[in-house]
Amino acid sequence: MDSRRVLVEKEAKEEEQPGYRFIVAISGESGAGKSELSHSLATVLKKEGIRVKILHTDNYYLIEPLKRRAFRELNNFEDIGPQEYDREQLQRNIADFRRGLRQRICPV
């Protein structure tokens, strides 16, 4: 990911809507490097004076990580996808971020 692209898109959005809180979503399979990429991008953005909050979607699964494979096997791998997440909690946390709340808002 080219961090300059993120900066350019963020600046363009802020010109349209001053104070807009920009969100970058990174997706991929477990172990693909999403966390490493997001933390690297956060480091670059922080150097630019941008406040960053990382929300790990792994924290929003409805089934615990160690039980997920067995659950998927039990269901013939038919329920893999967005329905595995607590989307309401994720949306609440994104809304909190956009409102500028600073306290810890993520599930553990």
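Residues numbered from 1 in each chain as written. Predicted model: local features only at pLDDT ≥ 70, side-chain atom pairs only at ≥ 80, totals over all residues. Heavy atoms only, no water.

1. Re the nonpolar core
One finds Val 6, Leu 7, Leu 41, Leu 45 and Ile 50 forming the largest nonpolar core, which totals five residues. Once residues lying within four places of it in the same chain are set aside, the contact partners of Leu 7 are Leu 45, Glu 48 and Ile 50. (Core = buried A, V, L, I, M, F, W, Y, C linked by side-chain atoms within 4.5 Å. Buried < 20%, exposed > 50% of the residue type's maximum accessible area, 1.4 Å probe, protein only. Contact = heavy atoms within 4.5 Å.)

2. Re the packing of helix H1 (residues 3–16) against helix H2 (residues 34–47)
Here H1 crosses H2 at 55 degrees, and the two axes come no closer than 10 Å. Judged by the inter-axis angle, H1 sits oblique to H2. Read as a crossing pair, H1 and H2 show a hand that is right-handed. Taken together, the residues of H2 that come into contact with H1 (itself represented by Ser 3, Val 6 and Leu 7) are Leu 41, Val 44 and Leu 45. Taken together, the residues of the contact of H1 with H2 sort by class into five nonpolar, one polar and no charged. (Axes fitted to C-alpha atoms, helices over the stretch in contact; angles between N-to-C directions. Helix = DSSP H or I, 4+ residues; strand = E, 2+ residues; numbered from the N terminus. Parallel < 35°, antiparallel > 145°, perpendicular 65-115°, else oblique. Left-handed = near helix turned anticlockwise from the far one by under 90°. Nonpolar A, V, L, I, M, F, W, Y, C, P; charged D, E, K, R; others polar.)

3. Structural notes on the confidence of the model for the chain
The predicted model of the chain has a mean per-residue pLDDT of 79, with 92% of residues at 70 or higher. When mean pLDDT is taken per element in the chain, H2 scores highest with 89 and helix H3 (residues 65–74) scores lowest with 81. (pLDDT = per-residue confidence, 0-100.)

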